[in-house]
Amino acid sequence: MKKTEVLNHFKGVSKVAEALGISPGAVSQWPESVPPLRQLQLQAITGGALKASEDAMRFLTPAA
């Protein structure tokens, strides 16, 4: 999941921050690839409109 995709979906940094309950500054510090746990949160919040990457989904699978 790309930061630009998230910002476009929510229409700005402030709306993303509000949806996640974090500061706009925290969102601004994300690299272009959204951190994996935030991807999972965003997928849940948007009802799947935003899809977490395969790498992010690995956080849901226990290590062997």
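Residues numbered from 1 in each chain as written. Predicted model: local features only at pLDDT ≥ 70, side-chain atom pairs only at ≥ 80, totals over all residues. Heavy atoms only, no water.

**Let's talk about the overall build of the chain**
Argument step 1. When you go through the chain residue by residue, the secondary structure sums to five helices and zero strands.
Argument step 2. The order of α-helices and β-strands along the chain, N terminus first, is α-α-α-α-α.
Argument step 3. Scaling as 2.2 N^0.38, a compact globule of 64 residues should have a C-alpha radius of gyration of about 11 Å, and the chain matches this with 11 Å.
Argument step 4. C-alpha extents for the chain along the principal axes are approximately 40 × 20 × 20 Å.
Argument step 5. Expressed as a percentage of its 64 residues, the buried residues of the chain come to 28%.
Argument step 6. Pairs at least 24 apart in sequence give 45% of the contacts found in the chain among residues at least 6 apart.
Argument step 7. When the accessible surface of the chain is totalled, it reaches about 4100 Å², and 56% of it is carbon and sulfur.
Argument step 8. Considering the chain, the positive charge centre built from 7 side chains and the negative charge centre built from 5 side chains are found 4 Å apart. (Helix = DSSP H or I, 4+ residues; strand = E, 2+ residues; numbered from the N terminus. Rg over C-alpha atoms; globule rule 2.2 N^0.38 Å. Buried < 20%, exposed > 50% of the residue type's maximum accessible area, 1.4 Å probe, protein only. Contact = heavy atoms within 4.5 Å. Areas by Shrake-Rupley, 256 points an atom, 1.4 Å probe, with all protein chains shown as cover. Lys, Arg positive; Asp, Glu negative; His and termini not counted. Charge placed at Lys NZ, Arg CZ, Asp CG, Glu CD.)

**A look at helix α4 (residues 36–45)**
Argument step 1. All of the buried residues along α4 are Gln39, Leu40 and Leu42. Summarising the axial view, the buried residues of α4 lie within an arc of 165°, below the 170-degree limit, and thus occupy one face. Summarising the geometry of α4, the exposed residues directed more than 90 degrees from the buried face are Leu37 and Ala44.
Argument step 2. Buried residues along α4 sit in contact with α1 (3–10), α2 (13–20) and α5 (54–57).
Argument step 3. Downstream of α4 by one or two residues, glycine 47 has phi in the positive range, about 65°. (Arc of directions from axis to C-beta.)

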